[in-house]
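Working through the structure, step by step
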Amino acid sequence: MTEAPLIEFRQVSKFYGHGEATIRALDRIDLSIARGEFVAIMGPSGSGKSTAMNIIGGLDVPSSGEYLFQGIPTGSFDRSQLTLLRRHMLGFVFQGFNLLARTSAVENVELPLVYRGMDARERRERALVALAQVGLRGREGHTTQELSGGQQQRVAIARAIVTDPAVLLADEPTGNLDTKTSIEIMELITKLNRERGITVIMVTHEEDIAAYGKRLLRFVDGHLSSDQLQAQEADHVL
């Protein structure tokens, strides 16, 4: 039997507003993403790419159509079930890092495990491992203010992967970083995809960042305008 897609949209639409003021953010989107893929998503503002990411992340629900995760329709999920989906299957990385100020790197990384109810010793051990995996061994006790932008994004990535998620959702992960740091962050995300098999879905406005994805989706006016595989180069130069 063929394995079901990890993520699947079946004629997914999303509307906001009513009557003549209705905005059609997504219009009958069909999409499937297999386990282990690295998918980049591009499109102008208002194209629907962020709406699609919000639905994948369980932060929003379709107005019509079906969103399936691991072959299971999520349309009947209540708020608590969507929370469990996010908590156990998804990791989030944002442009703005979204770290707690005046809190150490290891405490920031522990936070998703606190929500899981994990005991203090185990979550500290797992957080230290995650920080080591993103190259921050020795920085565990540093607060947000004591870290560079690139280091803060590494903490955010460690926080996203500490739960061992099936999917890493990255929304403009290099948007606040300089060129050199952007390359370092993208190499780290690529390594997590290749070596740990984490499915990566990334929104970006930058063509050079999108080139790290194995597959590129382009959204325009609520439609999926193109879906193409990308040639992978040994080295990326921004």
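Heads up: these notes are all about the structure in this document.

**Thoughts on the layout of surface pockets**
Of the volumes computed, that of the largest pocket is approximately 470 Å³. Forming the boundary of the largest pocket are 15 residues, of which Arg86, Leu90, Phe92, Pro112 and Tyr115 lie nearest the centre. Those elements giving two or more residues to the lining of the largest pocket turn out to be α2 (79–89), β6 (90–94), α3 (105–115) and α5 (149–161). The leading source of residues in the lining of the largest pocket is β6, at 4 residues.

**Structural notes on the sheet that holds strand β2 (residues 23–33)**
The 4 strands lie next to each other as β2-β1-β4-β5, forming an open sheet whose pairing is antiparallel. The outermost strands of the open sheet, each flanked by one partner alone, are β2 and β5 (72–73). In the packing of helix α1 (residues 49–56) onto the sheet, contacts are made with β1 (7–16), β2 and β4 (64–69), and the angle to β1 comes to roughly 120°.

**Some thoughts on the pairing of strand β7 (residues 167–171)**
For β7, the buried fraction is high: 4 of the 5 residues fall into the buried class. Note that β6 and β7 share 5 bridges and pair parallel. For Leu90, the partnering residue across the bridge sits in β7 and is Val167. Bridge analysis of β7 against strand β8 (residues 199–203) gives 5 bridges, and the strand direction is parallel. Across the sheet, Leu169 pairs through a bridge with Ile201, a residue of β8. In this fold, the crossover linking β7 to β8 by way of helix α6 (residues 179–196) has right-handed handedness.

About the thresholds
- Along each chain, residues carry numbers from 1 onward, in the same order as the chain's sequence is written.
- Where local features are concerned, this predicted model is filtered to residues with pLDDT of at least 70; where side-chain atom pairs are given and counted, the filter is 80 or more; whole-chain, interface and lining totals use all residues.
- To get the side-chain values, take all heavy atoms of the structure and skip hydrogens and water.
- Points on a 1 Å grid over protein atoms alone make up a cavity when a 1.4 Å probe fits among them but cannot get out, and a pocket when they form an open set with protein on both sides within 12 Å along at least five of seven lines; lining residues each have an atom within 4 Å of a point.
- Grid points are joined across faces, edges and corners, and a volume is the space filled by probe spheres set on the points.
- Under the scheme used here, helices are H or I runs from DSSP no shorter than 4 residues and strands are E runs no shorter than 2 residues, and both carry numbers assigned from the N terminus.
- Here, strands pair whenever DSSP counts at least two bridges between them.
- Every residue pair with non-hydrogen atoms within 4.5 Å of one another is taken to be in contact.
- In this analysis, axes come from line fits to C-alpha atoms, helices being fitted only over the stretch in contact, and the angle between any two N-to-C directions falls in the range 0 to 180 degrees.
- Burial here depends on accessible area, computed with a 1.4 Å probe over protein chains only, as a share of the maximum for the residue type. Under 20% is buried, over 50% is exposed, and the range in between is partly exposed.
- By convention a crossover is right-handed if, when the strands point away from the viewer, the path from the first strand over the helix to the second runs clockwise.

By themselves, these are just geometric observations and shouldn't be taken as functional.
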